[in-house]
Amino acid sequence: MSTGTQTHVAQLTLDDAHALTDPAQAPHVAAVAPLVTAQSVVATYEGATHTVQSFTGTSSSYLGIDDDTVQAGVPFTDDDWTARRRVALLGPTVAKDLVGGDGLAAVGRTVQFNAVNFEVIGVLTAKGSTGPNDADDRVIAPLPAVQDTLTGYGALSSVSVQAKSADSVATAQSEVQDVLDARHRVTVATADYSIFNASSIISAAQSTTQTFTVLLGAVAAISLLVGGIGVMNIMLVTVTERTREIGIRKAVGARRSDIVGQFLLEAVLLSLFGGAVGVAVGLAGSRFTIVGVQPVVAPYSVVLAFGVALAVGLFFGLYPASRAAALRPIDALRYE
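Criteria and cut-off values
Residues numbered from 1 in each chain as written. Predicted model: local features only at pLDDT ≥ 70, side-chain atom pairs only at ≥ 80, totals over all residues. Heavy atoms only, no water. Helix = DSSP H or I, 4+ residues; strand = E, 2+ residues; numbered from the N terminus. Expected span 1.5 Å × (residues − 1). Buried < 20%, exposed > 50% of the residue type's maximum accessible area, 1.4 Å probe, protein only. 1 Å grid on protein atoms, 1.4 Å probe; cavity = no way out; pocket = protein on both sides within 12 Å on 5 of 7 lines; lining within 4 Å. Points joined across faces, edges and corners; volume = space filled by probe spheres on them. Contact = heavy atoms within 4.5 Å. Axes fitted to C-alpha atoms, helices over the stretch in contact; angles between N-to-C directions. Left-handed = near helix turned anticlockwise from the far one by under 90°. Nonpolar A, V, L, I, M, F, W, Y, C, P; charged D, E, K, R; others polar. Pairing = 2+ DSSP bridges.

Novice: If you had to explain helix H6 (residues 169–184) to someone new, which residues and values would you point to?
Specialist: With 16 residues, H6 ought to run about 22 Å at 1.5 Å a step, and its terminal C-alpha atoms sit 22 Å apart, in line with that. The complete set of buried residues in H6 reads Val169, Ala172, Glu175, Val176, Val179, Leu180, Asp181 and His184. Looking one or two residues past H6, arginine 185 carries a phi angle of roughly 55 degrees, positive in sign.

Novice: Tell me about the layout of surface pockets, and name the residues and values.
Specialist: By volume, the second largest pocket amounts to about 230 Å³. In this structure, the second largest pocket is lined by 15 residues; those nearest its centre are Leu224, Ala305, Val308, Ala309 and Val312. When residues of the lining of the second largest pocket are traced back to their parent elements, those giving at least two are helix H7 (198–241), helix H9 (256–285) and helix H10 (299–325).

Novice: Account for helix H4 (residues 92–99), with residues named and values stated.
Specialist: Residues of H4 that are buried include every one of Pro92, Thr93, Val94, Ala95 and Leu98, and no others. Count one or two residues on from H4 and you reach glycine 100, which has phi positive near 80 degrees.

Novice: Describe the side chain of threonine 238, naming the residues involved and giving the relevant values.
Specialist: Mapped onto the elements of the fold, threonine 238 is located in helix H7. When neighbours within four sequence positions are excluded, threonine 238 is seen to be in contact with Phe263 and Glu266.

Novice: Describe the packing of helix H8 (residues 243–251) against H9, with residues and values.
Specialist: Two elements in contact, H8 and H9, have axes whose closest approach is 10 Å; the angle formed by their N-to-C orientations is 140 degrees. In the packing of H8 onto H9, the handedness of the crossing is right-handed. Packed against H8, whose contacting residues are Glu245, Ile246, Arg249 and Lys250, the element H9 presents Asp258, Ile259, Gln262 and Phe263 at the interface. Here the contact of H8 with H9 is composed, by residue class, of 3 nonpolar, 1 polar and 4 charged.

Novice: Can you lay out the pairing of strand E4 (residues 48–52) for me, pointing to particular residues and giving the numbers?
Specialist: Only one face of E4 is buried, namely the one carrying Ala48, His50 and Val52, since none of Thr49 and Thr51 on the opposite face is buried. Pairing between strand E3 (residues 41–45) and E4: 5 bridges, direction antiparallel. Each bridged residue has a counterpart across the sheet, and for valine 42 the counterpart in E4 is threonine 51. Between the antiparallel neighbours E3 and E4 lie 2 residues, among them glutamate 46 with a positive phi of about 45 degrees.

Without other data, these values stay purely geometric and don't point to any function.
Laid out in structure tokens, this is it:
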């Protein structure tokens, strides 16, 4: 999220998180959510078990900071925090593994996490997965309840902070740093925490994506070049093998344009056949999950593939067709 700032430190406390909500010290901070993370949590419900990838204890403001919504049930509130209620929001992956179906039936059930009962009050909206990381394999619960049962009362894992706007992220980050420096009595050189700005992470991800796009484009261009040369070689061999046929056609009145059109059509049909095979292989491959990613074929990409195949056939078939049309009838008829 472009307006988020994530702070990680071994010694962050709830008092640190509370200080960041002070409008006098951090006027550009919109929301703050302390976080603790429970490790190796196993969820159990009526004989079904699931090892949770991410179990987070936090406040109700975290859902807004992380852009989370609840597709069934209700989110937990500040009252749940104050009353230390053992309630939880399940990610779709966890819910489906425990109750089956679409997982929405988990709402209202009591699920055990490491043998501790939590009431499921909601199922989060799906976010999807990135490679092997499943963003839906998670559980979110009020921080006091998680500390009471799963993590103990040590330091926070992190504090999630949201700026008031995308334009004020840098200012909010500076305010967070000033507040923590003052509370921890450290300087930039001796800081016992680190701040990660979501905007910088997004910029790095975009740069990486652009690099991969250029590399894939280069590979595709080389593949097209090799394929086009293959089409041209096949057509040149065809012209050589049908030299007498070309001579006979020209002798009975075929024009240059007729010969060019004939061989261009053959080159285009050859390319379109190759394109059809490629599209069929791509559609078949998209049915399988590859390295944790489910490929999706966009309809426009199929049309684009046939368009490129047509262009390759026309471009690389032009030279063989012109060579065939340039043969003199008498030389072609003499060819053995």
